[in-house]
Amino acid sequence: MKGLAAAAAASALTGCRSTGSSGESGLDGSLKWGKAPCRFCGTGCGVLVGVRKGRIEAVTGDPDCPVNRGTLCAKGYHLPGILYGDDRITRPLLRKGDGYEPISWDQAITLIAQKYQEAIDKHGRNSVGIYGSGQWTIPEGYAALKWFKGGLRSNNIDPNARLCMGSAVTGHMTTYGSDEPAGAYDDIEYADAIVLWGNNMAEMHPVLFNRVLARKRQAPHVQLIDITTRRTPTSAYADLVMLMKPQGDLAIANGIARHLVHHSGLDQQFVDDHCTLRKGKTNIGYGTEDHFKFQDKPEPIDLEQYRELVAPYTPERVAELAGVSVADLKTLAEIYAAKQTRVLSLWCMGVNQHVRGTWMNNLIHGLHLLSGKIGVPGSTPFSLTGQPSACGTCREVGTLAHGLPADGHVKVPEHRAKAEKIWKVKPGTIDPKPGLHAMAMFRALDRGDLKVMWVQVTNPFVTVPNLRRYRDGKKKKRDDSFLIVSDIYPTPTTALADLILPSCGWVEKAGVFGNSERRHQQWEQLAKPPGEAKPDVWQTVAVARKMGLTEIFPETDSLERDLYNEFREFTLGVGKDVPTYETLQATHGGLRWPYVDGKETIYRYVVGADPYAKKGTRMDFYKAKKTGGRAVIWFRPWEPAAESPDEEYPFWLCTGRVLEHWHTGSMTRRVPQLHRAVPRTYCEVHPEDAQQLGLRPGDKLRITSRRGSCELQASIGGRGKPQRGQLFVPFFDESVAINDVTLDAYCPISKEPDYKKCAVKVERV
Ligand SMILES: Nc1nc2c(c(=O)[nH]1)N[C@H]1C(S)=C(S)[C@@H](COP(=O)(O)OP(=O)(O)OC[C@H]3O[C@@H](n4cnc5c(=O)[nH]c(N)nc54)[C@H](O)[C@@H]3O)O[C@H]1N2
Ligand SMILES: Nc1nc2c(c(=O)[nH]1)N[C@H]1C(S)=C(S)[C@@H](COP(=O)(O)OP(=O)(O)OC[C@H]3O[C@@H](n4cnc5c(=O)[nH]c(N)nc54)[C@H](O)[C@@H]3O)O[C@H]1N2
Ligand code: SF4
Ligand SMILES: [Mo]
């Protein structure tokens, strides 16, 4: 595989580098090269794609992309295979009895328009919804947002990124007044210590993890700390592995904060110059009830009050709450306290998929603000993104129930007015009330309140928690319910659809993605789609136009270019300036915003590095308008998980992923090499628990929670090693509905569910 890639790389250099943008489609029979970002994880590796006669023959890492500098991970090298499974959906399919019949695109578009209009006429604009994705391209997400909020006047648009980056968004917004990180991947190359707060980087962000390992090789003093509930392949590279109890992170972070303000490490000058302190509500609930509502109430506090609030988090108490040793805690606290040590904190789903996810995000940012470890190369809190464009499409475009582009919120009159002006719709068009967030949308579907729903580039009937409720909800016979699903393959979600639409995948269409470090990358259509497959953006716009919204979606020769450039208008002058589509077309490896005067920004908010940062000594938190340009250090306490093991359900269940597969496996399980590598899911069990349960590797076991159960094989001493009393199951295998077992409790602030913690029992089958 690697040899093939190296050969491809050699020819790619001449075939693509010189053109600066994509090659041609290779229709004349020669191999033509084009550029694209990888369509998997939020790392955002640049890929060179070799196409002959409209079919991808080779891929290689783009040596000109600063993210990956020519490398790829196993999934990246198998990108072509994900498009060439033998059961691609090639025609629109309408449910007829128990089966489906093919219909034309014209019939499909007319039917969707009619279904949406009927539901709106009969039940109001809140009876319809669209559920999208962090795998949407920016033009796809922007079109859906504009159609819904500017056209249908409904705010019921939310993406799967709610299940993933929701807490990162609320974490950034409540800390800095603007979403997305201050730092960039460049920080890796300057860090003295890299602290992972609950992420398995070796498997989930492998190419970025390579950069971490390279940094360690170049500078052997660099420490890697893995705070985790389970030993993962990442742990093998760590200098210190802190195995903690689930939910123990809240205690650990407070313990370090206590050390900083009671002992050493507080950067008083930085806090005085750039920060302000707050506490919020406590005992905030878990969102398990329908119609759950929560509004935080920030209260200003001073440093003395903060000191008192964190005082109870003594090393002994933290050790008890988190199950870690006092000695390890001290080591970690001293890393954050040491004046000269540059610390990079990284995190992903362990922190975000958390019933106190916003709090955990606030706490990690807080450690860096208290110690002044931000805005210096190598020192920064950096939230890793899951999907390729959760940042670009969901967070920057604002395809969230409350969102508008560039940090906009439907509640804010000026944000609505700006959108109405750019969209050229009547003032007052946008509904000021946020719509249904992801979990609320699925609950509304179950209750029958949501009549028409379109699902694009996501597979929710595998991936939402407490799945049985929502699957059964969709199966209830209702004459007025209509589910549309756009996908490239049949999935458990298309199996529930009333209408299935064939989509173009990855480079079968043009697009733009935005990765974890604010980098936008554009690509052209390079390969031929199968059958009648159409880009998702085309599908959305066709329906909008059919519903009479031709003024907001005028005819054009490039939807992608026009929609992207229109989205760009929102970003200009507000510190989120993205380049034009044309600039991105001519650039290899993308550019990071704010992009001003032809220059990208690596270190956001840093005076001298960010063109918007003008005031202040070192940093200028110019987006924190509500707090007078000061970043917020939050006091957030430890609170228990929504559900903890008890006598009846004595185990913790954690769920997640493996290196070879992407989420529900719809794509990677169709690549024979990846499928063979990990053909079925499994349940990791600690050897001593296994012995007590009478389980040997490969034995069948049943996991049961208060919500559901499933059967799968035991893995003992495999790739990941859970602690005693804990289990781990990857969710890539659609034949095992592990989400029937998980709990739909969520962070009351971000509404992101906690897939990492629920109580289960296990038995041998
Ligand atoms: N190969 C591959 N790569 C991917 C993906 C994929 O499907 N396959 N998906 C991408 C996406 S969308 C995402 S979101 C990311 C996910 O990337 P990660 O978050 O790295 O991976 P997960 O397997 O979801 O989560 C595993 C981590 O959760 C931590 N954890 C469990 N409980 C707790 C807790 O109580 N507190 C804390 N702090 N941590 C806890 C564990 O320690 C473990 O390290 O991966 C991205 N990359
Ligand atoms: N138990 C458990 N559940 C989880 C999580 C967990 O850790 N544990 N993590 C959550 C997180 S972080 C995430 S991000 C979600 C991910 O959850 P999903 O988004 O539901 O999972 P994917 O498999 O990525 O679904 C993407 C779908 O889009 C299809 N597709 C691919 N390309 C295209 C295209 O160009 N157009 C269209 N229309 N379709 C396309 C694929 O075939 C696939 O069916 O899962 C969440 N669910
Ligand atoms: S690290 Fe992520 S973006 Fe890079 S090749 Fe692998 S899956 Fe693709
Ligand atoms: Mo994710």
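Within any chain, residue numbers begin from 1 and follow the written order of that chain's sequence. For naming, the first written chain is A and the first written ligand is 1, with later ones following in the order written. A pLDDT threshold of at least 70 governs which residues receive local features in this predicted model, and a stricter bar of 80 or more applies before side-chain atom pairs are shown or counted, although totals over entire chains, interfaces and linings include all residues. The basis for every side-chain value is the complete set of non-hydrogen atoms in the structure, without hydrogens or water.

Here the focus is the overall build of the protein chain. For helices the rule is a DSSP run of H or I covering at least 4 residues; for strands it is a run of E covering at least 2, with both sets numbered from the N terminus onward. Counting secondary structure elements, the protein chain contains 25 helices and 31 strands. Atoms counted for the radius of gyration: C-alpha only. Globule rule: 2.2 Å times the number of residues to the power 0.38. Taken over the C-alpha trace, the protein chain has a radius of gyration of 25 Å; the compact-globule value for 765 residues is 27 Å, and the two agree within 12%. When its C-alpha atoms are laid out on the principal axes, the protein chain stretches across 70 × 65 × 60 Å. We call two residues in contact whenever any of their non-hydrogen atoms come within 4.5 Å of each other. Considering only intrachain contacts with a sequence separation of at least 6, the fraction spanning at least 24 residues in the protein chain is 73%. Residue-level accessible areas treat just the shown protein chains as cover; the underlying method is Shrake-Rupley with a 1.4 Å probe. Element-wise, carbon and sulfur atoms account for 51% of the exposed surface of the protein chain, whose accessible area totals about 26300 Å². Of the charged side chains in the protein chain, 99 are positive and 86 negative, and the gap between their average positions amounts to 0 Å. Residues counted as positive are Lys and Arg, residues counted as negative are Asp and Glu, and His and the chain ends are not counted. All charge positions are set by atom: Lys at NZ, Arg at CZ, Asp at CG, Glu at CD.

Note that domain bounds follow an automatic or database assignment of domains. On domain assignment, one finds that the protein chain holds domain 1 (2-83), domain 2 (93-160 + 388-592), domain 3 (166-387 + 629-635) and domain 4 (651-742). Taken together, the contact pairs 8 residues of domain 1 with 10 residues of domain 4. Salt bridge, as used here, is a side-chain nitrogen of Lys or Arg placed within 4 Å of a carboxyl oxygen of Asp or Glu. The tally of links between domain 1 and domain 4 comes to 0 salt bridges. Identification of polar contacts relies on pairs of N or O atoms within 3.5 Å, with a donor-acceptor requirement for protein atoms, meaning one able to donate a hydrogen and the other able to accept it, and with residues adjacent in sequence counted only if both atoms are side-chain atoms. Counting every contact that joins domain 1 to domain 4 gives 1 residue pair in polar contact (both at pLDDT 80 or more). Residue assignment for the side of domain 1 that touches domain 4 shows that the elements contributing at least two residues are α2 (74-77) and α3 (79-83). Note on residue classes: Ala, Val, Leu, Ile, Met, Phe, Trp, Tyr, Cys and Pro are nonpolar, Asp, Glu, Lys and Arg are charged, and everything else, Gly too, is polar. Grouping the constituent residues of the side of domain 1 that touches domain 4 by class yields 4 nonpolar, 2 polar and 2 charged.

The next subject is the nonpolar core. In terms of nonpolar packing, the biggest core is built from 89 residues, with Trp-197, Ile-252, Tyr-306 and Phe-621 touching the most fellow members. When residues of this core are assigned to their parent elements, the largest contribution, 8 residues, is made by helix α9 (residues 249-262). A domain-level breakdown of this core finds at least three residues from each of domain 2 (93-160 + 388-592) and domain 3 (166-387 + 629-635). Residues contacting Tyr-306, with those up to four places away along its chain left out, are Ala-257, Val-261, Leu-277, Ile-301, Leu-370, Ile-633, Trp-634 and Phe-635. The set of buried Ala, Val, Leu, Ile, Met, Phe, Trp, Tyr and Cys residues whose side-chain atoms join them within 4.5 Å is what this entry labels a nonpolar core. Burial status follows relative accessibility: with a 1.4 Å probe on protein chains alone, a residue under 20% of its type maximum counts as buried, one over 50% as exposed, and anything between as partly exposed.

Let us look at the site of ligand 3. We call a residue near a molecule or strand as soon as one heavy atom of that residue lies within 4 Å of the molecule or strand. Around ligand 3 lies a shell formed by Cys-38, Phe-40, Cys-41, Thr-43, Gly-44, Cys-45, Leu-72, Cys-73, Lys-75, Gly-76, Pro-206 and Val-207. Listing elements by their share of the shell around ligand 3, those giving two or more residues are α2 and α8 (206-218). Among the residues making up the shell around ligand 3, the classes are represented as 8 nonpolar, 3 polar and 1 charged.

Turning to the sheet that holds strand β28 (residues 709-716), a few remarks are in order. Here 6 strands make up a closed barrel; going around it, the order is β25-β30-β26-β28-β27-β31 and the pairing mixed. Ignoring strand direction, the axes of neighbouring strands in this sheet form an average angle of 45°. Whether two strands pair depends on DSSP finding at least two bridges between them. Axes, fitted as lines to C-alpha atoms, cover a helix only where it is in contact. Angles between the N-to-C directions of the axes lie from 0 to 180 degrees.

The tally for this structure, following the rule as stated, stands at 50 salt bridges. The closest approach of N and O atoms between Arg-764 and Asp-699, which form a salt bridge, is 3.2 Å. One end of the pair, Arg-764, is in strand β31 (residues 758-764); the other, Asp-699, is in the loop between α25 (687-693) and β27 (700-704), and 65 residues separate them in sequence. In this structure Asp-699 comes out as buried when scored by relative accessible area, which is 14%. Note that Lys-757 is salt-bridged to Asp-754, the shortest N-O span being 2.8 Å. Exposure remark for Lys-757: the relative accessible area of 6% places this residue in the buried category.

Moving on, we get to the sheet that holds strand β22 (residues 519-523). Strand order in the open sheet formed by 3 strands is β21-β22-β23, and the pairing between neighbours is antiparallel. Two strands in the sheet have a free side with no partner beyond their single neighbour: β21 (511-514) and β23 (591-592). Relative to β22, β21 runs antiparallel, the two being bridged by 4 bridges. Paired with Val-512 across the bridge in β22 is Gln-522.

Turning to the pairing of strand β5 (residues 99-102), a few remarks are in order. Pairing between strand β4 (residues 93-96) and β5: 4 bridges, direction antiparallel. Among the inter-strand pairings, Lys-96 is bridged to a residue of β5, identified as Gly-99. The antiparallel hairpin formed by β4 and β5 contains 2 residues in its connecting segment, where Gly-97 sits at a positive phi of about 60°.

Around ligand 2, 34 residues are found, and the nearest of them are Asn-160, Asn-459, Thr-463, Asp-487 and Thr-664. Within the side chain of Thr-664, a nitrogen or oxygen atom sits 2.5 Å from an oxygen atom of ligand 2. Surface burial for ligand 2 is 100%, taken as the share of its 920 Å² of free accessible area covered by protein chains. When residues of the shell around ligand 2 are traced back to their parent elements, those giving at least two are α19 (460-463), β19 (482-487) and β25 (651-656). Partitioned by chemical class, the residues of the shell around ligand 2 number 11 nonpolar, 17 polar and 6 charged.

Let us look at the packing of aromatic side chains. Stacked, edge-to-face and tilted are the three classes for Phe, Tyr and Trp ring pairs, Trp counted by its six-membered ring, which pair at centre distances within 6.5 Å; planes under 30 degrees apart are stacked, over 60 edge-to-face, the rest tilted. Here the structure, examined in full by the defined rule, presents 24 aromatic pairs. Relative to Trp-454, the ring of Trp-147 lies with its centre 5.9 Å away and its plane at 80°, an arrangement referred to as edge-to-face. Taken together, the positions of Trp-147 in helix α5 (residues 138-152) and Trp-454 in strand β18 (residues 452-456) put the pair 307 residues apart, joining distant regions of the chain. The class of Trp-147 is buried, set by a relative accessible area of 0%. Taking 5.5 Å as the distance between ring centres and 25° as the angle between the ring planes, the aromatic pair formed by Tyr-612 and Tyr-622 counts as stacked. Taken as a pair, Tyr-612 in the loop between β23 and β24 (631-635) and Tyr-622 in the loop between β23 and β24 lie far apart in primary sequence, 10 residues in all. Each member of the pair Tyr-612 and Tyr-622 is classed as buried. A cation sits over an aromatic face here: Arg-230 above Phe-728, 3.5 Å from the ring centre. In this scheme, the term charge over a ring applies when either NZ of a lysine or CZ of an arginine sits within 6 Å of the ring centre and within 35 degrees of the ring normal.

The subject of this paragraph is the confidence of the model for the protein chain. When pLDDT is averaged along the protein chain, the result is 95; 96% of the residues meet or exceed 70. Confidence of the predictor at the level of single residues is given by pLDDT, which spans 0 to 100. Below pLDDT 50 for its whole length, residues 1-24 participates in 42 contacts with residues either more than four positions away or in separate chains.

The subject of this paragraph is the pairing of β25. Of all 6 residues that make up β25, 6 are buried, and the element is covered over most of its length. By the alternation rule, side chains of β25 split into Phe-651, Leu-653 and Thr-655 and Trp-652, Cys-654 and Gly-656, which are all buried. Pairing between β25 and β31: 3 bridges, direction antiparallel. Its bridge partner lying in β31, Phe-651 is registered against Val-760. Bridging between β25 and strand β30 (residues 726-730) involves 5 bridges; their strand directions are parallel. Within the sheet, the bridge partner assigned to Gly-656 lies in β30 and is Pro-730.

All right, on to the side chain of Glu-517 then. Position of Glu-517 among the secondary structure elements: in the loop between β21 and β22. Glu-517 gets classed as buried once you look at its relative accessible area, which sits at 0%. Within the structure, the side chain of Glu-517 is placed 3.0 Å from the backbone nitrogen of Tyr-185, a separation counted as a polar contact. Polar side-chain contacts of Glu-517 include one of 2.9 Å to the side chain of Arg-519. Leaving out residues up to four positions away in the same chain, Glu-517 has contacts with Val-67, Ala-184, Tyr-185, Asp-186, Phe-382 and Arg-592.

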